[in-house]
Each structure stands twice: as structure tokens, then as C-alpha cells.
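So the chains spell out like this:
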Amino acid sequence: MLWHCESAWLGGEESTADVLLDVQDGTIVSVTTGAACPAGASRLRGLVLPGPVNAHSHAFHRALRGRTHRTGGDFWSWRRLMYDVSARLDPDNYRALAKATFAEMSLAGITCVGEFHYVHHQRGGRPYEDPNEMGWAVTEAAAAVGIRLTLLDVCYLQADVDGSALTPEQQRFSDGSVDGWLERVTAIPRGPLVRVGAAPHSVRAVPEPDLAVIAEWTRTYSQPLHIHVSEQPAENAACLAATGRTPTQLLADAGVLTLMTTVVHATHVTAEDTALLGRAPTTVCLCPTTERDLADGVGSAVGFAAAGSPLCVGSDSQAVIDMFEELRAIELDERLVTGRRGLLAPASLLAAGTAAGATALGWGRHGLVAGARADFIAIDLDSVRLAGTQRADATGHVVYAASASDVTDVVVAGRRIVEGGEHLLVDDVGGHLARAIAAVS
Ligand SMILES: [Zn+2]
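A. Spotlight on empty space enclosed by the protein. As enumerated under the stated definition, the model contains four cavities of 30 Å³ or more in all. By volume, the largest cavity is sized at about 170 Å³. In terms of lining residues, the largest cavity is bounded by 17 residues, among which Phe75, Trp78, Met82, His201 and His228 are the most central. In terms of residues, the lining of the largest cavity owes the most to one element, helix H1 (residues 75-87), which gives five residues. Partitioned by chemical class, the residues of the lining of the largest cavity number eight nonpolar, five polar and four charged. Of the pockets and cavities examined, the second largest cavity occupies roughly 70 Å³. Every element with two or more residues in the lining of the second largest cavity is listed here: helix H9 (288-293) and helix H11 (323-338). Ranked by the residues each element gives to the lining of the second largest cavity, the list is headed by H11, at four residues. A class-by-class count of the residues in the lining of the second largest cavity yields six nonpolar, two polar and three charged.

B. Quick peek at the state of the cysteines. One pass over the full model with this rule turns up zero disulfides. In this model cysteine 5 remains outside any disulfide bridge; the closest cysteine sulfur is found in cysteine 37, 9.6 Å from its own. By relative accessible area, which is 0% here, cysteine 5 ends up buried. Free cysteine cysteine 287: the closest other cysteine sulfur is in cysteine 285, separated by 4.2 Å.

C. Summary view of the coordination of the zinc ion. Bound to the zinc ion are the protein donor atoms His56 (NE2), His58 (NE2), His228 (NE2) and Asp316 (OD), situated 2.1 to 2.8 Å from the metal. Here the zinc ion is ringed by four donor atoms whose angles at the metal span 82 to 168 degrees, and the overall shape comes out irregular. Within one chain, the residues donating to the zinc ion are spaced in sequence as H-x1-H-x169-H-x87-D. Each member of the pair, histidine 56 as well as histidine 58, carries the same accessibility label: buried.

D. Up close: the packing of helix H12 (residues 346-353) against helix H14 (residues 394-401). Interaxial distance between H12 and H14 falls to 8 Å at its minimum, and their mutual angle equals 60 degrees. On the basis of the axis angle, H12 is oblique to H14. Judged by the sense of rotation from one axis to the other, the crossing of H12 with H14 is left-handed. Seen from H12, the contacting residues are Pro346, Ala347, Leu349 and Leu350; seen from H14, they are Thr395, Gly396, Val399 and Tyr400. Per-class residue counts for the contact of H12 with H14 are six nonpolar, two polar and no charged.

E. Structural view of the pairing of strand E3 (residues 27-33). Across six bridges, the pairing between strand E2 (residues 16-24) and E3 is antiparallel. Bridged to aspartate 22 within E3 is serine 30. In textbook terms, the turn of a hairpin is the stretch between consecutive antiparallel strands, and for E2 and E3 this stretch comprises two residues, one of which, aspartate 25, has a positive phi near 50 degrees.

F. View of H11. For H11, built from 16 residues, the straight-helix expectation of 22 Å at 1.5 Å per residue is met to within 8% by its first-to-last C-alpha distance of 23 Å. Maximum bend of H11: about 35 degrees, positioned at alanine 329. Every buried residue belonging to H11 is among Met323, Phe324, Glu326, Leu327, Arg328, Ala329, Ile330, Glu331, Asp333, Glu334 and Arg335, and all of these are buried. Between the side-chain oxygen at the start of H11 and the backbone nitrogen of phenylalanine 324 there is a gap of 3.0 Å, and the oxygen is on aspartate 322. One or two positions beyond H11, positive phi appears at glycine 339, with a value near 75 degrees.

G. Fine view of the pattern of salt bridges. Under the criterion given, the structure shown has 18 salt bridges. Note that arginine 292 is salt-bridged to glutamate 325, the shortest N-O span being 2.8 Å. Placement of the pair is arginine 292 in helix H9 and glutamate 325 in helix H11, with a sequence separation of 33 residues. With its nearest N and O atoms 2.7 Å apart, the salt bridge here joins glutamate 331 to arginine 335. Taken together, the positions of glutamate 331 and arginine 335, both in helix H11 and four residues apart, correspond to about one turn of that helix. Just as glutamate 331 is buried, arginine 335 falls in that class too. Salt bridges sharing common partners tie together Arg62, Arg65 and Glu104.

About the thresholds
Residues take numbers from 1 onward in each chain, read along the sequence in its written order. Local features in this predicted model are restricted to residues whose pLDDT is 70 or higher, and side-chain atom pairs enter the listing and the counts only when it is 80 or higher, whereas totals over whole chains, interfaces and linings include all residues. The side-chain figures draw on all heavy atoms in the structure; neither hydrogens nor water molecules are used. Of the grid points, spaced at 1 Å and generated over the protein atoms alone, those admitting a 1.4 Å probe that cannot get out make up cavities, while open sets with protein on both sides within 12 Å along at least five of seven lines make up pockets; any residue with an atom within 4 Å of a point is treated as lining. Grid points are joined across faces, edges and corners, and a volume is the space filled by probe spheres set on the points. Helix and strand assignments come from DSSP, with helices taken as H or I runs of at least 4 residues and strands as E runs of at least 2, each series counted from the N terminus. Think of it as three bins: nonpolar holds Ala, Val, Leu, Ile, Met, Phe, Trp, Tyr, Cys and Pro, charged holds Asp, Glu, Lys and Arg, and polar takes everything else, Gly as well. Sulfur atoms of two cysteines make up a disulfide when they are within 2.5 Å. Residue exposure (1.4 Å probe, protein chains only): buried if accessible area is under 20% of the type maximum, exposed if over 50%, otherwise partly exposed. In this description, a donor is an N, O or S atom within 2.8 Å of the metal centre, a cutoff extended to 3.2 Å for sodium, potassium and calcium. Water is not part of the atom list, which can make sites seem incomplete. For four-coordinate sites, all angles between 85 and 135 degrees define a tetrahedron; for four- and six-coordinate sites, opposite donors beyond 155 degrees with the remaining angles between 65 and 115 define square planar and octahedral shapes respectively, and all other cases count as irregular. In this analysis an axis means a line fitted to C-alpha atoms, helices contributing only their contacting stretch, and an angle means the value between N-to-C directions, from 0 to 180 degrees. Roughly parallel means an angle under 35 degrees; roughly antiparallel, over 145; roughly perpendicular, 65 to 115; everything else is oblique. Two helices crossing with the near one rotated counterclockwise from the far one by less than a right angle form a left-handed crossing, whereas a clockwise rotation gives a right-handed crossing. Contacts are assigned to residue pairs that have any heavy atoms within 4.5 Å of one another. When DSSP finds two or more bridges between a pair of strands, those strands are recorded as paired. Take the residue count of a helix, subtract one, and multiply by 1.5 Å to get its expected span. Values of bend correspond, residue by residue, to the angle between axes fitted over the seven residues ending at that residue and the seven starting there. N or O atoms within 3.5 Å of each other form a polar contact, as long as, within protein, one can give a hydrogen and the other can take it, and as long as residues adjacent in sequence are counted only when both atoms are side-chain atoms. Between Lys or Arg on one side and Asp or Glu on the other, a salt bridge is scored when a side-chain nitrogen of the former is within 4 Å of a carboxyl oxygen of the latter.

This is how it looks when you write it as C-alpha cells:
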């Protein structure tokens, strides 16, 4: 199948006119520039980008959007509200909420999501008849929407780094032991649009010897490994008190920091931590719209990049779902902190939102290049936000002014799932969201 792009981003700061993509079996087999639109080709107007990748998501947090702003508080008081929602999840309402949230993501142009999945068992911790029933709910939701998924299956064994026992709300996150987690996670089926990764939740939730076991498993089976790190100063303080080391140092000692690892947030790290992350290099996943929503702080994106760590982004708590907002926030937050502009070029930010995320989620080659998976989106350059875009500044205009609602078309594995801003597989995404959120509220 041939796709003709009025213009496309092929790397660099400029866009390229008249790009023809030849797609076969879900893969781009050739890219031709300066090509006329042949008869029978599908036309994509505006600017075509490689598929945005949302590398860190908790789909059910979508139910909390807008509901946590009246009473103030901090990350930890927000977490209590989140636990209230997690306690109400069952396979059916979870599937419906994940489907609606993934549908919102695909309307926003996200072609691939890394779902950091930790609600595994029934309230109190008893497994469902199929211990992966909740994981099935996530994979079925992604399939119904047509989005590519890496199920980052969470290991969660203790309440804090000092080994304290799980709270009642956390019981359903736990498999009881790392062996219990391994047994369950190896039974999760993979598919053409589904991969699995390991997600030890954090140094709070997984003891150091078990982190080493999980790291060894991911090396043996070439799976990605994702872990929350230093989102809050309290995690650092508890880790220092219990072990005398920062969370990042503990992960380095446990053999967790490798090329296949992604640390999420890394908001409060030391210069030594940043150097340890860059050495592997380990990828850093920033979630700026969540980090500002939860008053976490600002991670040093420029510092991570200078140390050698690739950057990617995630919508995390779903405070908003807009990849352009995530990407520009990386640079704009740095501007507020440093008083300087232009620290990360727009093209590097787009790379963070596309290829780096795909690599972090274990999907490899990604972009408008031969051999890459045929995941791409079209953006309306005639929208009120993007009218007047010049080819020489296309990336700057898109990164700093586009919004999720400028996405017109979304193609995943060569299949169009969004056309003209409408989802082709899910009618009335807003209605699905409203019903799914009401069911867990
Ligand atoms: Zn998270």
C-alpha cells in the first residue's frame, strides 16, 4: 500500500515535501522524496510524523483527572486518592477504562504505549482464576483500539525500602515473591502488537536481591526493564536511611542500569546518579505534565542528555494526554530553571517522543525510514494553531504550538485507526470515557 505525504518530518529541523511511503505487511519498505501522488495511493495532508510513543502510562489514572485539585496536598495525598480508585477496579471496568483511555491516546496521535501495569489481583491479594486476568484486560483494550502496546508488568513486594509490609491497598499489586511474579509474567501472551517488559515498581517496592533477579531475567530474555526512580525526595531519604545509598546507586549495584533499562522521572538525582545513568546508557523517561501536576519538581533533561542518556516521555497519570505538551514541557521547564532558551533542539524533542520511546519499549527501528514499522500520524497544518508553518521551522512550530486535537490521521502497523480526527474502531470516545470513569468513581 502506498501513502503519499504532502510533507513529512524525516529528521532535522525542516520538513520534506511530497514523500511517498511504500508499506507492506505493516512495515515501511521504501521512502521516496519529491514524488507525485500515484493513482491509488492514500493521501495524507499536512505534516506526517513517525508515530509518537507514550513510554509511561497508568491507564486507570485517567479517572482522577480534574478531581484532585480542590484540597491541595502533595504526591502522597494524591496517591491516597489513586489507591481509592485502584481498589474499585475489576477486570471488566478496568478493560473499559483502559480501552477509553487508549482511544483518547490514539486520537492524540499516540501509536504505541508502555502500560506500567500493577493492579494484578483481587482486593486483598487473592489471584483471579487466571492470574493474568487484569493483564488480559489491558491487552484486549489495546487490541480493541488498534494501538501498539508494551505491557510493563509490575513487581511490587513491599511498602518501602526498609522492607515494611504492604498496606491493605497494595496487597492486590503483589505476587508475594519475585518467583511468583516471574511465574505469572512469563505466562502473559505476546503478539504482533503486544510485547512484555519487566517493571519492578521502585526501590521502595522491590528488595535489592529481587531487583537483581529481575535484571538478570530481562538480560536473559532481552526484555525492556522500567522502574520509577527518585520522583520524590522522601524516596531518596528513606533509601539513604535504609541502605546508605541513593536509589540510583542501589540500582547500579543490583545490575539494573543497562542499555535496556528506562528509569522513570529521576527528578531528584545527584550528579553522581546522572553519571551512573549515562554510563550504560540508561534511558530516562520524563513525564513533565504529571511531574508538575503532582508538584514533584523538574528533572534535569539537559544533564541526562549531556551524560549520554536517551530521553523519552510518558503521560503517566493522564493529567493531560498530549504528546506535544509533554515534549515542549521538557525544554520549557529547563528554561524556567536555567534562564536560557534552546537547550534541546525541537528535532531532539521529537526524537524523544518517537524513536527513543520505541526503543525504550523494546520495539527497535522507528521512523519514516525503510525497515521501520509503519506507525505514523498526520497533523493539520491549517489549524488555527499551526497556520503559517514554514518548512524551515516545521519542527519548532509543531513542538511549541501543536496540540493533540491537530492530529487528523493515525496509522499503526500500516492500518489507519484514526481518520479526519475520528477514531475508526471506537465510536464516541468521550462517551466511553465518561461511562468508564463513572463506573470506578
Ligand atoms: Zn508512574
